[in-house]
Amino acid sequence: MKVLVVRGSPRKNGATARLADLFVRGLRGGGAEVFDADLTSLKISPCLGCFHCVRSGGVCALRDDMRGLLETFAASDALVCASPVYFYSMSAQTKAFFDRCFPLVRGYAYDAEKGRCACIAASARKKLITIGAASGRISSFDALSKTYAAIADSMNMEYAADIRRGETPYFGALGARSARVRRILDSFVEAGRAFAETGAIPSATVAAAESEIAENDRVFASRSKIFWELLKNGKTF
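Cut-offs used in this document
Residues numbered from 1 in each chain as written. Predicted model: local features only at pLDDT ≥ 70, side-chain atom pairs only at ≥ 80, totals over all residues. Heavy atoms only, no water. Helix = DSSP H or I, 4+ residues; strand = E, 2+ residues; numbered from the N terminus. Buried < 20%, exposed > 50% of the residue type's maximum accessible area, 1.4 Å probe, protein only. Polar contact = N/O pair within 3.5 Å; in protein donor to acceptor, adjacent residues only side chain to side chain. Contact = heavy atoms within 4.5 Å. Core = buried A, V, L, I, M, F, W, Y, C linked by side-chain atoms within 4.5 Å. Pairing = 2+ DSSP bridges. Axes fitted to C-alpha atoms, helices over the stretch in contact; angles between N-to-C directions.

1. Notes on the side chain of Ser76
Step number 1: Tracing the backbone through its elements, the reader meets Ser76 in the loop between α3 (66–74) and β3 (78–84).
Step number 2: Classification of Ser76 as buried rests on a relative accessible area of 6%.
Step number 3: Only 2.7 Å separates the side chain of Ser76 from the backbone oxygen of Thr72, close enough to count as a polar contact.
Step number 4: Aside from chain neighbours lying at most four places away, what touches Ser76 is Lys2, Val3, Leu4 and Lys126.

This is how it looks when you write it as structure tokens:
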């Protein structure tokens, strides 16, 4: 299996990077061939909406690093997207990547099975895995998960798994001493390995990766207040 991994976090040592590292470790351990791309270190200009790709058979008018990524994506069996949640959506770098995937769409057609118009994708059907990291709880992902599902549908991808990891303040120095946090992190390795070996991730593994740490929202809010105070005073986590 060939997998393109795109990372959309500007924080090189943040929670998104850590989770992506663990998932990639699992992919490689399961025998997948991985092309790992850091979107924040590449030159990917915003889409111009010029429709040059429509007139040229899918070739974008912009000449930057996205051209190579589109070629890699075309040769891949799956796309793994790791992004933090920024204001209930994906990061700007991740959004720029998906905006520039427009050359992979070929207009619309009526889909009798779905009972509606759907995009015509240029590439063969692939699988999509999304990995998200947020400082808030699982509800922080509601809007982003719907966006990813719409993107998968428009690009004719099977949305194989959406792994949403909230409560990232717990994954700092204190979390390293927590057996529960270590089990959560191990589940990301297990998820990557399972996907490489079978093309799917067991629902139990996704549930383990997403398992909440705080007992309830009230407890989380109380602990979160301490985190934000530390952050305001220049403390790292």
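Once the structure has been displayed, the description carries forward.
2. Describing the nonpolar core
Step number 1: With 34 residues, the main nonpolar core has Phe23, Leu27 and Ile201 as its most contacted residues.
Step number 2: Element by element, the count of residues in this core is highest for helix α6 (residues 179–198), at 8 residues.
Step number 3: Once you skip the residues sitting within four places of it in the chain, Ile201 turns out to touch Phe23, Ile129, Ala161, Ile163, Ala191, Phe195 and Val206.
Step number 4: Counting 27 residues, the second-largest nonpolar core is a separate cluster that includes Ile44, Leu70, Leu128 and Ile151.

3. Focus on the sheet that holds β3
Step number 1: Pairing in this open sheet of 5 strands is parallel, and the strands run β2-β1-β3-β6-β7 from one edge to the other. Every other strand in the sheet has two partners, leaving β2 (33–38) and β7 (157–165) as the edge strands with one partner each. Between one strand axis and the next, the sheet turns through 15° on average, direction left out of account.
Step number 2: Strand direction decides the pairing type here: strand β1 (residues 2–7) and β3, joined by 5 bridges, are parallel. The residue bridging Val6 from the neighbouring strand is Cys81, located in β3.

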